[in-house]
Amino acid sequence: MNKYNPLNKSSSLLERAAQVYDYVPSKAGGPERNYGPEILTPETKKQQVVRTPSRNQPAYDGPRVIVDRDKLREAGFVVPDGPVTGISEEFRIIKRQLLMAAKGTSKQAALPHGERILICSAHPNEGKTFCALNLALSIAAEKDNEVLLVDADFAKPSILSSLGLEGSKGLMDALADPQLPVEQCIIHTDIAGLAILPAGEQTNADTEYLASSRTQEVLNRLTQHNPNRIVIFDSPPALSASPASVLATHVGQVVMIVKADETTETALRDALSLMAGCDNIQLLLNGTKFSPTGRSFGSYYGYGE
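Residues numbered from 1 in each chain as written. Predicted model: local features only at pLDDT ≥ 70, side-chain atom pairs only at ≥ 80, totals over all residues. Heavy atoms only, no water.

A. Structural view of the overall build of the protein chain. When you go through the protein chain residue by residue, the secondary structure sums to 10 helices and 10 strands. Burial analysis of the protein chain (305 residues in total) assigns 53% to the buried set. In the protein chain, the share of contacts with a sequence separation of at least 24, taken over all contacts with a separation of at least 6, comes to 80%. Element-wise, carbon and sulfur atoms account for 49% of the exposed surface of the protein chain, whose accessible area totals about 14,300 Å². (Helix = DSSP H or I, 4+ residues; strand = E, 2+ residues; numbered from the N terminus. Buried < 20%, exposed > 50% of the residue type's maximum accessible area, 1.4 Å probe, protein only. Contact = heavy atoms within 4.5 Å. Areas by Shrake-Rupley, 256 points an atom, 1.4 Å probe, with all protein chains shown as cover.)

B. Structural view of the side chain of His 250. By the secondary structure assignment, His 250 is in the loop between α9 (243-247) and β9 (253-259). In contact with His 250, not counting residues within four places along its chain, are Arg 116, Leu 210, Thr 215, Gln 216 and Leu 219.

C. Local environment of the pairing of strand β10 (residues 281-286). Counting buried residues in β10 gives six out of six residues, a clear majority hidden from the surface. Of the two faces of β10, the one holding Ile 281, Leu 283 and Leu 285 and the one holding Gln 282, Leu 284 and Asn 286 are both buried throughout. In terms of strand pairing, β9 meets β10 through six bridges, oriented parallel. Within β10, the position partnered with Val 254 by the bridge is Ile 281. Tracing the backbone out of β9, into helix α10 (residues 265-274) and back to the parallel element β10 gives a crossover that is right-handed. (Pairing = 2+ DSSP bridges. Right-handed = clockwise from strand over helix to strand, strands pointing away.)

D. Quick look at the nonpolar core. Leu 197, Met 256 and Met 275 are the most contacted members of the largest nonpolar core, which totals 41 residues. Among the nonpolar cores identified, the runner-up in size contains 36 residues, and Ile 119, Ala 136, Leu 160 and Leu 194 belong to it. (Core = buried A, V, L, I, M, F, W, Y, C linked by side-chain atoms within 4.5 Å.)

E. View of the confidence of the model for the protein chain. Residues at a pLDDT of 70 or more form 74% of the protein chain, whose mean pLDDT is 81. With pLDDT under 50 throughout, residues 1-16 is counted as low confidence; its partners more than four residues away or in other chains account for 24 contacts. Under a pLDDT of 50 for its full length, residues 25-36 has, in the predicted model, 54 contacts with residues more than four places off or in other chains. (pLDDT = per-residue confidence, 0-100.)

F. Examining the pairing of strand β4 (residues 116-121) more closely. With six of six residues buried, β4 is to be regarded as a mostly interior element. Taking every second residue as pointing to the same face, both faces of β4 are buried, with Arg 116, Leu 118 and Cys 120 on one and Ile 117, Ile 119 and Ser 121 on the other. Here four bridges tie β4 to strand β8 (residues 229-234), and the two strands are oriented parallel to one another. When the bridges of β8 are listed, Leu 118 appears paired with Phe 233.

G. Structural view of unusual backbone geometry. Although it is not a glycine, His 113 sits at a positive phi angle of roughly 55°. Tracing the backbone through its elements, the reader meets His 113 in the loop between α3 (86-103) and β4. Backbone geometry places Asp 261, a non-glycine residue, at a positive phi of 65°. As for its placement among the helices and strands, Asp 261 is situated in the loop between β9 and α10. We classify Asp 261 as exposed; its relative accessible area is 72%.

H. Region of the structure containing the layout of surface pockets. As a volume, the second largest pocket reaches approximately 450 Å³. For the second largest pocket, the lining is made up of 22 residues, of which Val 79, Pro 80, Asp 81, Leu 137 and Ala 141 are closest to its centre. Only α3 and α4 (128-140) provide two or more residues apiece to the lining of the second largest pocket. The residue makeup of the lining of the second largest pocket, split by class, is 10 nonpolar, five polar and seven charged. (1 Å grid on protein atoms, 1.4 Å probe; cavity = no way out; pocket = protein on both sides within 12 Å on 5 of 7 lines; lining within 4 Å. Points joined across faces, edges and corners; volume = space filled by probe spheres on them. Nonpolar A, V, L, I, M, F, W, Y, C, P; charged D, E, K, R; others polar.)

I. Just α3, in detail. In this model, α3 (18 residues) spans 26 Å end to end at C-alpha, consistent with the 26 Å of a helix rising 1.5 Å per residue. Buried residues dominate α3, accounting for 13 of its 18 residues. Just downstream of α3 lies Gly 104, where phi reads positive at about 85°. (Expected span 1.5 Å × (residues − 1).)

J. Here's a closer look at the environment of Ala 140. Along the polypeptide, Ala 140 turns up in helix α4. For the pair Ala 140 and Arg 229, spaced 89 residues apart in sequence, the C-alpha separation works out to 9.8 Å. With near-sequence residues (within four places) excluded, Ala 140 lies in contact with Val 147, Ala 192, Gly 193 and Leu 194.

Next up, the structure:
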């Protein structure tokens, strides 16, 4: 492992982070607006997981809504059935790595609970919700998977507002009330393959509810009848709210958003230590202004960003 030199200003933020944390770049990458995000993957030990056979999928009992496509487009999100863009191509690459880890390949076993993916950041305003929603929209386009996007930022939920939807009961309500089936809180959308589980009513004991045995029971209900369902959690920032570290113990993969030239190395180190409950953590570089490889996804199809 190369020794980190804080005086080496020519290194990028993720190059410096890679030196400190011994992370190895993967093939996916790029900026947020111009070239999309960049993902780096650690070498982690893969464990065998046994998956139950697919059974008849129980229907969600929650409301059905229409997502505002114009709102998605204006905010820079991936638009379902929209033109190919740099952002959509970047998230196609990112999701492929996560899906392979969740399902396994001929060369590696699936991760335990790899279908549960936590999107986190060290501090607010580093792009975690932007990346969580884009990742969910990209996975929803898969032919063999569907995605449930969970707003787990209980203090400041933003998934519903980003989609132009109204609030309703959600995950925290299901955790706090044993009589409330979590299925009744899930919102169907008119985007094929995409459902939403809102954050629900905030309590003074969010972290304690997440650490209870009921949480595992509730989360199991989200996927136990459908092995093709991917669950993405939009978490609170790790250094701003304690639920993030508890959520990490319930998932098989964590994607830590690192905002280029803003997320400090110290903050990243502290945030990663709080995510120690999950053995498989990846970094996703967000908000870069250039592509060191010269990639310009989307232009090949006649579209640009």
